[in-house]
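Descriptive structure summary
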Amino acid sequence: MPFGIILKRAFRDIRQNLVTHLMTTLVVVLTCLIFVFFNLFSINLQRIADHFGKELAIIVYLKKDVSQEKVPVLYQKIVSIKGIKEVKFVSSEDAFKRLERYFSNEREILAGVDPTFLPPAFEIQIDKALYNPNRVKEIAKEISKWNEVDKVQYGKEWVDRLENFSKMVRTALIFCAALLLVTAAFVVSNTIKLTVYARQDEIEIMRLVGATNGFIMGPYLVASLLQGLLGSGAAVVLAFLAYSYLIKAFGNSSFWESLHLQFLPAENIISIVVVSGLFCTLGTAMALRRFLKL
Amino acid sequence: MIGTEQPIIELKKVSKRYARDILALDEVDLKISKGEFVFLTGPSGAGKSTLLKLLYLAERPTSGSINIEGLDLSGLSRSQIPQLRRKIGVIFQDFKLLHNRSVFENVALSLEVLGFKREQLTKRVKQVIEGVGLGDKLYRKVIQLSGGEQQRVAIARAVVNRPPIILADEPTGNLDRKRTREVVALMDELNARGATIVFATHDETLFRNTHRRVILLENGKIKED
Ligand SMILES: Nc1ncnc2c1ncn2[C@@H]1O[C@H](COP(=O)(O)OP(=O)(O)OP(=O)(O)O)[C@@H](O)[C@H]1O
Ligand SMILES: [Mg+2]
């Protein structure tokens, strides 16, 4: 296969139909952009759910007058409950330090506040393997009966809801991905069909002088591969710029930082670009096969 | 030699029907040997172009069989067609040139599909274009050429890849006496170098005083051979 000539023909085709090809690439960019944003949303939602899922389990607030000596005893009592993975004691001072870190930029808020105003607490991690909402409720109820305990909080419910939501988003993402890919492939192959239509005479002549189907289709496949790769690449770059801008504008608040947001991992970016290129090329190949009756 | 050797082109009872009432070829039997120079003649509508089209597979016969270089065309798959066409240089009656491309690009197409390297391609294309007297119009667009000039571009494209078979459909239809003689001389030269040539024309002066084989078609039948 004379690849140099095929490339040359591809670029000549693109040059001669620059506007059409640019518009098509733009459509690919937009399609991929929608997908990238969805993907970004889904990934970070999952991260948030994971993050809070780890941090929030059961929190046992102790009465303020509970003496230090009682702490190890309570600790043992909690650890001995079945289904508990990890128990951590957070003293009033520790809790206050956390608060300070949280409000690092707006520290004035805490000015003059007594560092011991927060109650000491136990943070209990439930074993994920044994986790079920009823069991958590039971444990919480049981502990709340103890004398030393002021209040028991378990925030797992909303984390669960967040996780469910994130699962839904992921399912939607897969559907949306399929739909968008087909759309992109359709638009690209249609543009190529138009180009081919305008070149019917040339294609007929090429065939008469003995051009193989590969030679005839090659330039069009190259053009759509480029559109798929460039379009998705541009979408990722645009999404990254938008993401960086948002993080810069809002991300220095502690709340945002505590969410631990991240951009798409490299393997997602690579798959998006590769799959987009592949789909656009395949779409064109199928359209051409039918159109040229190959 | 003829008779002992396998014919390069062989038609057996070939008919071509375009529509129910248009029978362009009617049970044509024909053998052409390697290295022959054959004139195909007959009145307009006799079926000359149709016969050539069947040979380069622009059309398929309605019935009968065609062999080229021992290859049965009816058994040819789509992917084998390009290979066959590379062996056949066709000068089309309607030229089939790309009007918005230069003379050079049109002629180069024949070699590009073969995967020729740029240097060799350029050299050969220029040489052939000079051979048909268009050396000063290499980069002119075809649309800016006269009918006779376009015909010579079509000839150049058909012969540039040195095919063993040349099918010429009225290659002198738009040319004056001098150019016509030049084209016939060019065909003679290619024939002398071994190419088999089928030359369709209704211009009797081209073959009247030659010893060449002349096939006369009339109403889709071979009237004289
Ligand atoms: N594509 C087609 N569809 C229908 N009829 C056709 C087609 N091509 C040719 N014909 C008919 O077939 C017959 C033979 O045509 P053909 O072109 O082979 O003649 P020809 O000998 O080449 O004539 P000319 O000397 O004018 O070129 C004519 O009657 C023509 O009308
Ligand atoms: Mg004709």
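Residues numbered from 1 in each chain as written. Chains lettered and ligands numbered in written order. Predicted model: local features only at pLDDT ≥ 70, side-chain atom pairs only at ≥ 80, totals over all residues. Heavy atoms only, no water.

Attention now moves to the overall build of chain B. Along its length, chain B carries six helices and 10 strands. Since a compact globule built from 225 residues should have a radius of gyration of about 17 Å, the 17 Å found for chain B is in line with a globular shape. Along the three orthogonal principal directions, the C-alpha set of chain B runs to about 45 × 40 × 40 Å. Taking all 225 residues of chain B together, 53% fall into the buried category. (Helix = DSSP H or I, 4+ residues; strand = E, 2+ residues; numbered from the N terminus. Rg over C-alpha atoms; globule rule 2.2 N^0.38 Å. Buried < 20%, exposed > 50% of the residue type's maximum accessible area, 1.4 Å probe, protein only.)

When helices and strands are counted, chain A shows 10 helices and four strands. Shown N-terminal to C-terminal, the secondary structure of chain A runs as helices and strands in the order α-α-β-α-β-α-β-α-β-α-α-α-α-α. A fraction of 84% describes how many contacts in chain A between residues 6 or more apart in sequence connect residues 24 or more apart. About 16600 Å² of surface is accessible on chain A, with carbon and sulfur atoms providing 65% of the total. (Contact = heavy atoms within 4.5 Å. Areas by Shrake-Rupley, 256 points an atom, 1.4 Å probe, with all protein chains shown as cover.)

When its domains are assigned, chain A resolves into domain 1 (3–52 + 161–292) and domain 2 (57–154). Taking the mean C-alpha position of each, domain 1 of chain A and domain 2 of chain A sit 49 Å from one another. (Domains from an automatic or database assignment.)

Here we come to the domain arrangement of chain B. Residue and element names in this part refer to chain B. Considered domain by domain, chain B is made up of domain 1 (1–87 + 165–176 + 194–225) and domain 2 (95–162). Distance between the C-alpha centres of domain 1 and domain 2: 25 Å. Between domain 1 and domain 2, the residue contacts involve eight residues of the former and 10 residues of the latter. Summed over both partners, the interface of domain 1 with domain 2 buries about 650 Å², with 56% contributed by carbon and sulfur atoms. Per-residue buried area on domain 1 facing domain 2 is highest for Arg86, Asn174 and Leu175; these three make up 67% of the total on that side. Seen at the junction of domain 1 and domain 2, the total is zero salt bridges. Applying the counting criterion to the domain 1 and domain 2 interface returns five residue pairs in polar contact (both at pLDDT 80 or more). Residue composition of the side of domain 1 that touches domain 2, by class: three nonpolar, three polar and two charged. (Buried area = accessible area lost by both parts, 1.4 Å probe. Salt bridge = Lys/Arg side-chain N within 4 Å of Asp/Glu carboxyl O. Polar contact = N/O pair within 3.5 Å; in protein donor to acceptor, adjacent residues only side chain to side chain. Nonpolar A, V, L, I, M, F, W, Y, C, P; charged D, E, K, R; others polar.)

We now examine helix α3 (residues 70–79) of chain A. An α-helix turns once every 3.6 residues. As a result, residues three or four positions apart point the same way. Residues and elements named next belong to chain A. Val71, Leu74 and Ile78 are the residues of α3 that are buried. Along α3, the residues classed as buried sweep out an arc of 65° about the axis, all on the same side. As for α3, its buried residues are in contact with β1 (58–62), β2 (84–90) and β3 (121–126). (Arc of directions from axis to C-beta.)

Moving on, we come to the interface of chain A and chain B. Interface size is commonly expressed as the accessible surface area that is lost when the partners come together. Counting residues at the interface gives 20 residues for chain A, matched by 19 residues for chain B. Considering only the surface of chain A that becomes buried against chain B, Ile205, Leu208 and Val209 of chain A emerge as the three largest contributors, covering 36% of it. Between the two partners, chain A and chain B, sit four salt bridges. Between glutamate 105 of chain B and arginine 12 of chain A there is a salt bridge whose closest N-O contact spans 4.0 Å.

All names here are of chain B. Coordination sphere of the magnesium ion (ligand 2), protein contribution only: Ser49 (OG) and Gln93 (OE1), at 1.9 to 2.2 Å. Remark: glutamine 93 occurs in the loop between β6 (88–91) and α3 (103–112) and serine 49 occurs in helix α1 (residues 48–55); sequence separation between them is 44 residues. Residue serine 49 is classed as buried on the basis of its relative accessible area, which comes to 18%. Exposure remark for glutamine 93: the relative accessible area of 42% places this residue in the partly exposed category. (Donors = N, O, S within 2.8 Å, 3.2 Å for Na, K, Ca; no water.)

This structure, assessed with the given rule, holds 26 salt bridges over all chains. Close ionic contact of lysine 96 of chain B with aspartate 94 of chain B constitutes a salt bridge, the shortest N to O distance being 3.4 Å. With a shortest N-O distance of 2.8 Å, glutamate 189 of chain B and arginine 193 of chain B are connected by a salt bridge. When its relative accessible area of 40% is taken as the criterion, glutamate 189 of chain B is described as partly exposed. By sharing partners, the salt bridges in this structure join Arg9, Arg12, Asp13, Arg199 and Glu202 of chain A together with Arg101, Glu105, Glu112 and Arg118 of chain B into a single network.

The next subject is unusual backbone geometry. Residue and element names in this part refer to chain B. For arginine 162, which is not glycine, the phi torsion reads 50° and is therefore positive. Position of arginine 162 relative to the elements: it lies in the loop between α5 (147–159) and β7 (165–169). The phi torsion at glutamate 170 lies on the positive side, around 50°, for a residue other than glycine. Along the chain, glutamate 170 falls in the loop between β7 and α6 (177–192).

Below, the discussion takes up the packing of α3 of chain B against α5 of chain B. Helix packing for two helices is described by the angle between their axes and how far apart those axes are. Residues and elements named next belong to chain B. For the pair α3 and α5, interaxial distance at closest approach is 7 Å and the crossing angle is 30°. The angle between the axes of α3 and α5 places the two elements in the roughly parallel class. α3 and α5 meet at a crossing whose hand is right-handed. Note on element contacts: α5 touches α3 through Val153, Ala156 and Arg157, opposite Val103, Asn106, Val107 and Ser110. Of the residues that constitute the contact of α3 with α5, the class distribution is four nonpolar, two polar and one charged. (Axes fitted to C-alpha atoms, helices over the stretch in contact; angles between N-to-C directions. Parallel < 35°, antiparallel > 145°, perpendicular 65-115°, else oblique. Left-handed = near helix turned anticlockwise from the far one by under 90°.)

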